[in-house]
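These are the residues of each chain, in order.
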Amino acid sequence: MKNEQSYTEQELISLLRSGSQYAFERLFENYSQKLYRFSLSYLKSETEAEEIVQDVFLKLWENRDKLRNETSFQSYLFTIAFNDIRKHFNKKARDERYRTEILDFLSDENPSVETIPDFETLVIKLESLIDQMPDRRKEIFRKRKKEGKAVRDIAGEMEISQKTVENQITEAMNYLKKEFGKDRISGLLFFYVFMD
Amino acid sequence: MDMKEPIDYKILHKFALGKYSLKDFKLVSRWFEDKNNEEDLKIAIQQHWFEFADDFSGNEKDLTSVMNQLKQKIAKERPVVQFRKRIQKFYSRAAAILLLPLLLYSVYSTFQKVKSPEISALVEIVSPHGARTHFHLPDGSQGWLNSGSRLKYETTFPENRNIQLIGEAWFDVTRNDKKPFVVSTANLDVLVLGTKFNVAAFPDEKATEVVLQEGKVKVNGYNGTFTVDMKPDEKFTYNKDLQSGTIQAVNADQFSSWKDGLLVFRNEPLSEVLKRIGRWYNVEFVLTDPEIAKFRYRATFQEEQIEEVIRLISLTAPIKYSFNKREVGDDGVFKKRIITIQRKI
């Protein structure tokens, strides 16, 4: 990749400090792939990993006059990336919380749910199982677990009794317990391995 | 819970690789969320960052759309005009317009399609001190000639489109692969197909500078001393004393902002700032202390009077200035105005 007009990293950073877009593009070429893969490994989402690359490089440009030669550029880049990744990760974990809680509950029945080294597949399985529930049950279940609504509020909203809401949720959980039972889960995970 | 949970690097690594259980995920989420753990987490993830591969050849993610979006965002960012803000605040009086009436030799009239014999004439365009001159060339190319500069060419462009330049000019060249466009200066030629670029070749300066904004140019030294292919946003500086040149990445727009009536400085030493101001206003600076030449400036001036520009420059550094009385030369004409810059004690 080197040509006779390639610069050392130090030179590129000095140029960037003085506002060179050329230097900015070279640094992007040198580090965007690593930054993308690294972000992807923590966030598990291509879109979010691209967002991180964009945010980090935008911050790099906006703060270019604060760049110091003494600190390593890679450490500097990492610090910006770390804060960004942490923010994204925490938001994702919050969105994921209801699934984690359901799976947690299911692991009481079948401890392997907690230890199978394939959390991502478990989540896919859980979502597809919820999706296969009858519409009304699915709606009640999502309102309760995903949106965290109280049984009473769901009953009011849907103009049904609280007892019906509770029954539907119990049904849904029993169905999930059965699907996540010892003999079924190994088979399903095996299936996903072959899908890859 | 105020007890910190130790971070297990192995679990974190497994998580990053995609081989993790619900239990692992819950742990990793806790490490990320817990504010008390931030430093430890950062150290663990930083270790991973430095071990992370950086060669993805053959398996690269296409990130051009990310770069394109970045370019747009960067373009929107306006340069910080520190000095101008100050002016608007305290000195809102109208600044005199520097740009003198353009001195333009119209060449369109000579570019009528005359059948043979073609009449060729040598045309010279002069931009006096303190003025910028817009020019049009017979082939449709156009540009700006900076203060104290001149251009010469033959109207018919018999073979090459050959332009002689003394001083500084910015060119926007119409593409014509059959007739290369050549700008000749005292020390080098710039060979062009179709592009935008800036050339500064003042006879009283050591350096000749070529800055490429768009397209491609080739810079040739005389007698085959050197040949350089330039890419956009590069500046080639030829030093006539050393007889050698260097390439540097720059923001090309900054070097042609003079044509829009702006003087733009980005983290540049006072020596460079004064050189360009001197050229612009046709004044000469005397620095009594070489150390002050190193002060760095970031500023944009637009149509300010020289007195105001110097005053603003002296505000941000420990320097003072004095305008010397203009002397009359032997020929009875006023000599260049001289401004002395000293360190403030």
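Residues numbered from 1 in each chain as written. Chains lettered and ligands numbered in written order. Predicted model: local features only at pLDDT ≥ 70, side-chain atom pairs only at ≥ 80, totals over all residues.

Draft legend 1. Just the overall build of chain B, in detail. A tally of helices and strands in chain B yields 8 helices and 18 strands. Taken over 345 residues, chain B has a buried fraction of 28%. Expressed as a percentage of contacts within chain B between residues at least 6 apart in sequence, the contacts between residues at least 24 apart total 49%. (Helix = DSSP H or I, 4+ residues; strand = E, 2+ residues; numbered from the N terminus. Buried ≥ 20, exposed ≤ 12 C-beta atoms within 10 Å, placed from the backbone. Contact = placed C-beta atoms within 7 Å.)

Draft legend 2. Spatial organisation of the overall build of chain A. Scanning chain A from N- to C-terminus turns up 10 helices and 0 strands. Residues counted as buried form 24% of the 196 residues belonging to chain A. Sequence separation of at least 24 residues holds for 59% of the intrachain contacts in chain A that already meet a minimum separation of 6.

Draft legend 3. A look at the nonpolar core. Core analysis: the largest hydrophobic core is formed by 83 residues, its most contacted members being Val53(A), Val199(B) and Val210(B). Counting residues per element, this core draws most heavily on helix 2 (residues 21-43) of chain A, which supplies 10 residues. Residue contacts for Val210(B): discarding those within four places in its chain leaves Val190(B), Phe197(B), Val199(B), Val219(B), Met230(B) and Phe236(B). (Core = buried A, V, L, I, M, F, W, Y, C linked by C-beta atoms within 7 Å.)

Draft legend 4. Structural detail: the packing of helix 1 (residues 9-17) of chain A against helix 2 of chain A. All names here are of chain A. Viewed as axis vectors pointing N to C, helix 1 and helix 2 meet at an angle of 135°, and their least axial separation amounts to 7 Å. In this view, helix 1 runs oblique relative to helix 2, as classed from their interaxial angle. Relative to helix 2, helix 1 is oriented so that their crossing is left-handed. Contacts between helix 1 and helix 2 involve Leu12, Leu15 and Leu16 from the former and Tyr22, Ala23, Phe24, Arg26 and Leu27 from the latter. (Axes fitted to C-alpha atoms, helices over the stretch in contact; angles between N-to-C directions. Parallel < 35°, antiparallel > 145°, perpendicular 65-115°, else oblique. Left-handed = near helix turned anticlockwise from the far one by under 90°.)

Draft legend 5. Local environment of the interface of chain A and chain B. Counting from both sides, the interface comprises 41 residues of chain A and, opposite them, 36 residues of chain B. Elements that contribute at least two residues to the side of chain A that touches chain B include exactly helix 1, helix 2, helix 3 (46-62), helix 4 (73-109), helix 5 (112-115) and helix 6 (119-131) of chain A. Sorting elements by how many residues they give to the side of chain A that touches chain B places helix 2 of chain A first, with 12 residues. Along the lines of polarity and charge, the residues of the side of chain A that touches chain B split into 21 nonpolar, 13 polar and 7 charged. (Nonpolar A, V, L, I, M, F, W, Y, C, P; charged D, E, K, R; others polar.)

Draft legend 6. Main features of helix 2 of chain A. Where helix 2 of chain A bends most, at Tyr31(A), the angle is about 45°. A positive backbone phi angle near 60° is found at Lys44(A), which sits one or two residues after helix 2 of chain A. (Bend = angle between axes of the 7 residues up to and from the residue.)

Draft legend 7. Broad picture of unusual backbone geometry. Residue and element names in this part refer to chain A. Here the phi dihedral of lysine 44 falls at roughly 60°; this positive angle occurs in a residue that is not glycine. Locating lysine 44 in the fold gives a position in the loop between helix 2 and helix 3. Assessed through the 16 C-beta atoms surrounding it within 10 Å, lysine 44 is described here as partly exposed. The phi torsion at glutamate 159 lies on the positive side, around 55°, for a residue other than glycine. Mapped onto the elements of the fold, glutamate 159 is located in the loop between helix 8 (151-158) and helix 9 (162-179).

Draft legend 8. Representation of the environment of Glu304(B) within the structure. Checked against the element boundaries, Glu304(B) lands in the loop between strand 16 (296-302) and helix 8 (306-315). Taking the C-beta count within 10 Å as the criterion, Glu304(B) has 21 such neighbours and is therefore assigned buried.

Draft legend 9. Broad picture of the environment of Phe141(A). Residues and elements named next belong to chain A. Topologically, phenylalanine 141 is positioned in helix 7 (residues 135-145). Taking the C-beta count within 10 Å as the criterion, phenylalanine 141 has 22 such neighbours and is therefore assigned buried. When sequence neighbours within four positions are dropped, the list of residues in contact with phenylalanine 141 reads Ile130, Met133, Gln168, Ile169 and Ala172.

Draft legend 10. Summary view of the confidence of the model for chain B. Residue and element names in this part refer to chain B. Of the residues in chain B, 86% have a pLDDT of 70 or more, and the chain-wide mean is 78. Put simply, helix 5 (residues 82-90) is where chain B has its lowest mean pLDDT, 38, and helix 2 (residues 22-33) is where it has its highest, 92. Scored below 50 in pLDDT, residues 78-117 shows 47 contacts in the model against residues more than four places distant or in partner chains. Both scores are available for the predicted complex, with the pTM at 0.50 and the ipTM at 0.87. (pLDDT = per-residue confidence, 0-100.)

Draft legend 11. Just the environment of Ala169(B), in detail. All names here are of chain B. Here alanine 169 is to be found in strand 5 (residues 161-172). Judged by local crowding, alanine 169 falls into the buried class, with 28 C-beta atoms found within 10 Å. Sequence separation of alanine 169 and asparagine 198 is 29 residues, and the distance between their C-alpha atoms is 5.8 Å. Apart from residues no more than four positions distant in its own chain, alanine 169 is found in contact with Gly143, Trp144, Leu145, Asn146, Ser149, Leu151 and Val199.

Draft legend 12. Quick peek at the confidence of the model for chain A. Residue and element names in this part refer to chain A. For chain A, the average pLDDT comes to 85, and 89% of its residues sit at 70 or higher. Per-element mean pLDDT across chain A ranges from 52 in helix 10 (residues 182-195) up to 94 in helix 3. Within the model, pLDDT remains below 50 along residues 190-196, and this stretch shows 1 contact once partners closer than five positions in the same chain are excluded.

Draft legend 13. Summary view of the sheet that holds strand 17 (residues 319-323) of chain B. Residues and elements named next belong to chain B. Pairing in this open sheet of 3 strands is mixed, and the strands run 15-18-17 from one edge to the other. This sheet does not close on itself; its edge strands, each paired only once, are strand 15 (283-287) and strand 17. This sheet shows a mean twist of 25° between the axes of neighbouring strands, independent of strand direction. Note: strand 17 against strand 18 (residues 337-343), 5 bridges, orientation antiparallel. Within strand 18, the position partnered with lysine 320 by the bridge is glutamine 342. (Pairing = 2+ DSSP bridges.)

Draft legend 14. Looking closely at helix 9 of chain A. Along its 18 residues, helix 9 of chain A runs 26 Å from first to last C-alpha, staying within 8% of the 26 Å computed at 1.5 Å per residue. Where helix 9 of chain A is buried, its residues touch helix 4, helix 6, helix 7 and helix 8 of chain A. (Expected span 1.5 Å × (residues − 1).)

Draft legend 15. Structural view of the packing of helix 1 (residues 9-17) of chain B against helix 2 of chain B. Residue and element names in this part refer to chain B. It is at 10 Å that the axes of helix 1 and helix 2 come closest, and there the two elements cross at 110°. One way to sum up the angle between helix 1 and helix 2 is to call them roughly perpendicular. Along its contact with helix 1, which presents Ile11, Leu12, Lys14 and Phe15, the element helix 2 presents Asp24, Leu27 and Val28.

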